[in-house]
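# Residue-level structure breakdown
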Amino acid sequence: MSEPTNNIVDTAVAAGSFTTLVAAVKAAGLVETLSGEGPFTVFAPSDAAFAKLPAGTVEDLVKPENKAKLTKILTLHVLPGAIMAKDVTGKRMSPKSVQGEELQVDGTDGVTVSGSRVSSADIACSNGVIHVIDTVIMPKA
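What comes next is a walk through the structure. (Residues numbered from 1 in each chain as written. Predicted model: local features only at pLDDT ≥ 70, side-chain atom pairs only at ≥ 80, totals over all residues. Heavy atoms only, no water.)

### As for helix α2 (residues 19-28)
Defined as follows: Here the term buried applies to any residue with accessible area under 20% of the maximum for its type, exposed to any over 50%, and partly exposed to those in between, with areas from a 1.4 Å probe on protein chains only. Only DSSP runs of H or I with at least four residues qualify as helices, and only runs of E with at least two residues qualify as strands; both kinds are numbered from the N terminus onward. Directions pointing from the helix axis toward each C-beta atom define the arc. The contact criterion used throughout is that any non-hydrogen atoms of two residues lie within 4.5 Å.
Restricting attention to buried positions, one finds in α2 the residues Leu-21, Val-22, Ala-24, Val-25 and Ala-28. Looking straight down α2, one finds that the buried residues subtend no more than 160° of arc, so they occupy a single side. Set apart from the buried face of α2 by more than 90 degrees, the exposed residues are Thr-19 and Lys-26. Looking at the buried side of α2, the elements it contacts are α1 (8-15), α3 (31-34), β1 (40-45), α4 (47-51) and α6 (67-75). Just beyond α2, the residue with positive phi is Gly-29, at close to 75°.

Structural data, given as structure tokens:
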């Protein structure tokens, strides 16, 4: 298998099912970070996951005055290092996100991350891995 050439951001753009996430990453100024060396593990909410948020939430979050709040939400979906599905299968873990808050990863019945189900795992990128999730994870505080 050849090494992936696209970074996390390029992979998300090419997939076509993360238009909301990509727009949010751009609004938060995180494109450069997530295009960087890494490696990173990104739990990427699909467009359908963002659509489950209350009406107007995304539009509100991408406003410049809400950049800090948006960044806090997005960085909660990122872990340092490349963690593959096989690394969590049959286990429960509480890794610390880039944002600083712990995520609750449960690999004992499929894989869930803080209550969000992983619907597609191990999308390899040149600087890490993407796992698609079905719900946007919100910070506790």
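### Describing the sheet that holds strand β2 (residues 78-80)
Rules: By definition, two strands form a pair when at least two bridges between them are found by DSSP. Interaxial angle, 0 to 180 degrees, is taken between N-to-C directions of lines fitted to C-alpha atoms, where a helix line uses only the stretch in contact.
Strand order in the open sheet formed by seven strands is β2-β1-β7-β6-β5-β4-β3, and the pairing between neighbours is mixed. The sheet terminates laterally at β2 and β3 (92-93), the two strands that pair on one side only. Inspection of the sheet shows β1 paired to strand β7 (residues 128-133) by six bridges, in the parallel sense. Pairing of Phe-43 across the sheet is with His-131, part of β7. The sheet contacts of α1 involve β1, β6 (116-125) and β7, and relative to β7 the element is tilted by about 40°.

### Side note on α1
Rules: Think of a polar contact as two N or O atoms within 3.5 Å of one another; within protein, one of them needs to be a possible hydrogen donor and the other a possible acceptor, and neighboring residues in sequence only count if both atoms come from side chains.
Buried within α1 are the following residues: Ile-8, Val-9, Thr-11 and Ala-12. Taken down its axis, α1 places every buried residue within 165° of arc, on the same side. Residues of α1 that are buried make contact with α2, α3, β1, β6 and β7. Capping the start of α1, Asn-7 holds a side-chain oxygen 2.9 Å from the backbone nitrogen of Val-9, two or three residues further along. One or two residues past the end of α1 sits Gly-16, with phi positive at roughly 80°.

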